[in-house]
Amino acid sequence: MSDSSPGRAAPVLDVWCELQCPDCRDALDDLRALRARYGDRLELRLRHFPLEKHKHSFAAAQASEEAAEQGQGWAYVEAVLGRVEELDRAGEPFLVQVAQELGLDAEEFDTALIDGRHILIVDADQAEGKAIGVTGTPTYVIGGERLDGGKSQEGLRERVEEIADRLLAEQDG
């Protein structure tokens, strides 16, 4: 049993991201650092915002949902983002290959991409992102504040930490 009071939800950091985006790849270090610093005291949620200029990003978003369903969401996201250039070149076969490398059910990935079972989740995220003013990736939303990392990631992690620390202190207070 953890020592936090039951029913108290961790603050949420929504990360609007797309998996064919070099800026999102650059944000991985920040995301790893945030996960290391806060653990389960901060809920990091990947939100999909595939950009039209990246033709494989919509399929990649669906693939990451399939990975999450198979219990490897973040591992998959990091693996694909870390090799953005390969996704650029190879497209969907690369998405299935990464699943295989992680020991996931690659056939199920293939089927999920064909039958489009995760399209609604991706569409809903994209619509919500547009509604709150997300225009590029990565964009972070925490405590009602939107931080745009597409222009510059400089100082963003520090800002996220400030807000997270404040939200956690308010909870404890």
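Preceding this section is the structure that the text describes.
Cut-offs and rules
- Residues numbered from 1 in each chain as written.
- Predicted model: local features only at pLDDT ≥ 70, side-chain atom pairs only at ≥ 80, totals over all residues.
- Heavy atoms only, no water.
- Helix = DSSP H or I, 4+ residues; strand = E, 2+ residues; numbered from the N terminus.
- Rg over C-alpha atoms; globule rule 2.2 N^0.38 Å.
- Axes fitted to C-alpha atoms, helices over the stretch in contact; angles between N-to-C directions.
- Left-handed = near helix turned anticlockwise from the far one by under 90°.
- Contact = heavy atoms within 4.5 Å.
- Nonpolar A, V, L, I, M, F, W, Y, C, P; charged D, E, K, R; others polar.
- Core = buried A, V, L, I, M, F, W, Y, C linked by side-chain atoms within 4.5 Å.
- Buried < 20%, exposed > 50% of the residue type's maximum accessible area, 1.4 Å probe, protein only.
- Phe/Tyr/Trp six-rings, centres within 6.5 Å; stacked < 30°, edge-to-face > 60°.

1. Details of the overall build of the protein chain
A tally of helices and strands in the protein chain yields eight helices and four strands. Each helix and strand of the protein chain, placed in order from N terminus to C terminus, yields the pattern β-α-β-α-α-α-α-α-α-β-β-α. Taken over C-alpha atoms, the radius of gyration comes to 16 Å for the protein chain, in line with the 16 Å a tight globule of 173 residues would show. Counting only C-alpha atoms and orienting by the principal axes, one finds that the protein chain spans roughly 50 × 40 × 25 Å.

2. Focus on the packing of helix α2 (residues 57-69) against helix α7 (residues 119-131)
Axis separation between α2 and α7 bottoms out at 9 Å; the angle between their running directions is 115 degrees. The chirality of how α2 crosses α7 is right-handed. Between α2, through Phe58, Ala61, Gln62 and Glu65, and α7, the contact on the second element is made entirely by Ile119, Ile121, Val122, Asp123 and Gln126. Looking at the contact of α2 with α7 residue by residue, the classes come out as five nonpolar, two polar and two charged.

3. Concerning the nonpolar core
One broad trend across soluble globular proteins is that nonpolar side chains are buried collectively. Residues Leu13, Tyr76, Leu95 and Tyr140 are the most contacted members of the largest nonpolar core, which totals 42 residues. Not counting the four nearest positions on each side in its chain, Leu13 is found in contact with Leu34, Leu42, Glu43, Leu44, Arg45, Tyr140, Val141, Ile142 and Val160. Listed in part, the five residues of the second largest apolar core include Trp16, Phe49, Val134 and Val141.

4. Digging into the side chain of Gln126
Note on placement: Gln126 falls in helix α7. On the basis of relative accessibility, which here comes to 16%, the residue Gln126 falls in the buried class. Setting aside residues up to four positions removed in sequence, Gln126 forms contacts with His48, Phe49, Pro50 and Phe58.

5. Structural notes on the packing of aromatic side chains
Enumeration over the complete set of coordinates arrives at one aromatic pair. Aromatic pair Tyr76 and Phe109: ring centres 5.2 Å apart, planes at 35 degrees, arrangement tilted. Remark: Phe109 occurs in helix α6 (residues 106-115) and Tyr76 occurs in helix α3 (residues 73-81); sequence separation between them is 33 residues. Look at Tyr76 and you get buried, because its relative accessible area is 0%. We classify Phe109 as buried; its relative accessible area is 0%.

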